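An overview of the molecular structure
One letter stands for each residue in the lines below.
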Amino acid sequence: MKRLISVLLASLMLFAVMTPVVNAAAAQTQATPIIYLRGNGEKLYNADGEEVAADIGDLKISDDGEDSKNKIVEAAVNILIPFLAEGMLNNKWDNYAKAIYNEISPLFDDAILDGNGNPRNGTGVHPDALKNSEANAKKDMIRNGQYGYFSYMFCFDWRLDPYEHVDRLHTYIETVMKSTGKSQVSLSSRCLGGSLLNAYLEKYGNLGHVKNVMYCETLSDGCNVISKGFSGQINIDAKSLQRYEGQLTFCDEIGFGIGFDVAEVVDEIIIRTLDILTQTGVMDDFTQGVEELYAKLYKALIPAIFHSIGYASQPIYWTLVEEEDFDLALDVMFGEEGSETREYFAGLIAKIKNYREKITAHRDELYKKFSKEYGIHIGVIGKYGFLNAPFTEGYDDLSDSLVSLKDSSLGATCAKIGSTLDEQYVESRILEGKGKYISPDKQVDTSTCMFPDTTWIIKNVHHDDFDPICRVVAEKFLNGTDVNVENSGFARFRVNSYDTKAVEDMTEENCADLEFVSRAEEKPDMMTKLASLLRFVTMIFKFITMLISGKPLF
């Protein structure tokens, strides 16, 4: 009997010891390889293997002393003079647009694509980056029973049509599944990566290879700044410009986005411009017609800017144009049907129309199809607390500084920046049993999102600020099975503090807006409006003027 009891006890002890191991193994089988589709962060190189400026943040201009400074000032003034002397006085903007393109486009010559939306000058992702990405796909990158958010990073030339990458992404996914022994993967996208994610799921989502999908602050549901900018829909608000100045200063302090620190050379540009205005007698007209100048300036400026930095020729940015703005955007960026510019860009236009017809025209139906028909578990992370660019419609939408929360959350109902949802609206949602979807600051209702129970919202986070603020939530969701807000351990609404560098569950006590949101004057006077306009104009040339020290913009 003692021997039998001993055997039983030993068996029980062995079972007790083995149980954690079995559970650990079960946890490992639940974890799914995570493949990350990033936005426009991949560096581009020319045929000689030299890094090229693919975006404003890539520009570097060496410090050649006073001569370099003078050249920069002359370039900026060369752009401003046609605007002031011809555009404002005579409503002739052709030379102004040409001046912008002639001064800026050489800096981005390697980033601008040809009329078919293909690379010029042999530019693209470095071959070594592609090799490293492919090599990782052949490894099992699991650590402690979990896959990291950046375990598998699919490398691609983000400028191009997303459909040019989906077949290679499909092969990449099959390689990862084979190397890990898993029958499915999880896909996560950030920023522009959402457009590639949608294109892949539209073509291959029905195969069952994808278990979880996370849209992290993506532009997959459109981007107001690009959509309204491409279509020339301008709406300038002086109070928003003031707020934006404060935001730019704040961004410079935290090191994200385009900061704003008026350099000596910028002051010189302003002084020289004002001198010219005064000497020519334009200043009187200028101060009297500031409101009209806003619209004139940006209607002429934005198409020239988008072409000179390459955005207008890059199919990826056209995936962000809303269906309602698409035809108008084609006219603004390429001219009317039959124009010489339209003919040159015919191949590009065919590509962007293809994406529009397959995805943009019916995105909501596609999201439902991905979820219900394909059985893909979809999660969303959205951010807000910053302002959109102040020159397009939607400048006062809740935003992470680039994409509005309504878009990045796939449908949240939001108040305008600096305000709250209507009290009656909030009360009605509470009576309907949907109070848990209302943010503590009363600015957001996620019950109207496409996937309300798997949507997390974080306040006071800039678009460029991702890791680890969003990564920890995304990893939990992407590694798991049926993870949602209720069982994730992460609150539906969270708030970030740049002072304490901590992210907490949002409460009524810690949900205040950032200071610059409420800093603007209620009724700016004329000189304040003029100062705001001049400062914002100079911000456009900041990538020329701020880099004489050899420092990158970001």
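The present account deals with the structure reproduced in this document. (Residues numbered from 1 in each chain as written. Predicted model: local features only at pLDDT ≥ 70, side-chain atom pairs only at ≥ 80, totals over all residues. Heavy atoms only, no water.)

Quick notes on the overall build of the protein
Each helix and strand counted, the protein has 22 helices and 12 strands in total. Burial status across the protein gives 54% buried among its 554 residues. For the protein, contacts bridging at least 24 residues in sequence account for 77% of all contacts bridging at least 6. Element-wise, carbon and sulfur atoms account for 50% of the exposed surface of the protein, whose accessible area totals about 24100 Å². (Helix = DSSP H or I, 4+ residues; strand = E, 2+ residues; numbered from the N terminus. Buried < 20%, exposed > 50% of the residue type's maximum accessible area, 1.4 Å probe, protein only. Contact = heavy atoms within 4.5 Å. Areas by Shrake-Rupley, 256 points an atom, 1.4 Å probe, with all protein chains shown as cover.)

A closer look at the packing of aromatic side chains
One pass over the full model with this rule turns up 25 aromatic pairs. Note on W318 and F334: the rings are 5.4 Å apart at their centroids and 25 degrees apart in plane angle, and the pair reads as stacked. Of the two residues, W318 is situated in helix α12 (residues 315-318) and F334 in helix α13 (residues 326-334); the sequence distance between them amounts to 16 residues. For the pair shown, W318 and F334 are each scored as buried. (Phe/Tyr/Trp six-rings, centres within 6.5 Å; stacked < 30°, edge-to-face > 60°.)

Thoughts on the environment of S497
For S497, the location among the structural elements is in strand β11 (residues 493-497). Polar side-chain contacts of S497 include one of 3.3 Å to the backbone nitrogen of D499. At a separation of 3.1 Å, a polar atom in the side chain of S497 contacts the side chain of T500. (Polar contact = N/O pair within 3.5 Å; in protein donor to acceptor, adjacent residues only side chain to side chain.)

Here's the deal with the pairing of strand β12 (residues 502-505)
For β11 and β12, the ladder comprises 4 bridges, and the chain directions are antiparallel. Note that in β12 the partner of N496 across the bridge is V503. (Pairing = 2+ DSSP bridges.)

Observations concerning the pattern of salt bridges
Enumeration according to the criterion identifies 28 salt bridges in this entry. Between R429 and D445 there is a salt bridge whose closest N-O contact spans 3.1 Å. Taken together, the residues span a long stretch of sequence, with R429 in helix α18 (residues 423-431) and D445 in strand β9 (residues 444-445) at a distance of 16 residues. R429 sits in the buried class, given a relative accessible area of 11%. (Salt bridge = Lys/Arg side-chain N within 4 Å of Asp/Glu carboxyl O.)

What about helix α6 (residues 193-204)?
Spanning 12 residues, α6 covers 16 Å between terminal C-alpha atoms, matching the ideal 16 Å at 1.5 Å per step. Among the 12 residues in α6, 10 count as buried, and that is most of the element. Looking at α6, one finds that the buried residues are G193, G194, S195, L196, L197, N198, A199, Y200, L201 and Y204. (Expected span 1.5 Å × (residues − 1).)

A closer look at the state of the cysteines
Scanning the entire structure with this criterion turns up 0 disulfides. C216 carries a free sulfur, and the closest cysteine sulfur to it, the one in C470, is 6.1 Å from it. C449 carries a free sulfur, and the closest cysteine sulfur to it, the one in C414, is 7.7 Å from it. Overall, C449 belongs to the buried group, its relative accessible area being 6%. (Disulfide = S-S within 2.5 Å.)

Re the sheet that holds β11
The 8 strands lie next to each other as β4-β1-β5-β6-β7-β10-β11-β12, forming an open sheet whose pairing is mixed. Two strands lie at the open edges of the sheet, namely β4 (152-153) and β12, each paired on one side alone. In the sheet, strand β7 (residues 377-384) pairs with strand β10 (residues 455-459) via 5 bridges, with the strands oriented parallel. Counted as the bridge partner of K383 is I458 from β10. In the packing of α6 onto the sheet, the strands contacted are β1 (34-37), β5 (185-190) and β6 (210-216), and the crossing angle to β6 comes to about 150 degrees. (Axes fitted to C-alpha atoms, helices over the stretch in contact; angles between N-to-C directions.)

A few points about the packing of α13 against helix α15 (residues 346-358)
Where α13 contacts α15, the axes come no closer than 12 Å and their chain directions differ by 165 degrees. Between α13 and α15, the angle falls in the class roughly antiparallel. Crossing angle aside, the handedness with which α13 passes α15 is right-handed. Contacts from F326, D327, L330 and F334 in α13 reach L348, I349, I352, K353 and R356 in α15. Its residues assigned to classes, the contact of α13 with α15 comprises 6 nonpolar, no polar and 3 charged. (Parallel < 35°, antiparallel > 145°, perpendicular 65-115°, else oblique. Left-handed = near helix turned anticlockwise from the far one by under 90°. Nonpolar A, V, L, I, M, F, W, Y, C, P; charged D, E, K, R; others polar.)

Considerations on α13
Along α13, the positions that sit buried rather than exposed are F326, A329, L330, M333 and F334. End-on view of α13: buried residues confined to an arc of 105 degrees, all on one side of the axis. G335 sits one or two positions beyond α13 and adopts a positive phi of about 85 degrees. (Arc of directions from axis to C-beta.)

Details of the environment of G117
Here G117 shows up in the loop between α3 (94-104) and β3 (124-125). With relative accessibility at 0%, the residue G117 sits in the buried group. As a C-alpha pair, G117 and S313 span 196 residues in sequence and 6.1 Å in three-dimensional space. Excluding its chain neighbours within four sequence positions, the residues that come into contact with G117 are L160, S313, P315, L348 and K351.

Here's the deal with unusual backbone geometry
Along the chain, D467 connects to P468 via a cis peptide bond; the corresponding omega equals 5 degrees. As for its position among the elements, P468 is in the loop between β10 and α19 (471-479). Positive phi values are uncommon outside glycine, yet N144 reaches one of about 55 degrees. Mapped onto the elements of the fold, N144 is located in the loop between α4 (127-137) and β4. A residue is classified by how much of its surface remains accessible, and N144, at 82% relative accessible area, is exposed.

Description of the side chain of D407
With respect to the element layout, D407 can be found in helix α17 (residues 405-408). Comment: no salt bridge for buried D407; closest opposite-charge side chain is R363, at 6.2 Å. Non-local contacts of D407, meaning those with residues more than four positions away in its chain, are made with D221, G222, C223, N224 and E322. (Lys, Arg positive; Asp, Glu negative; His and termini not counted.)

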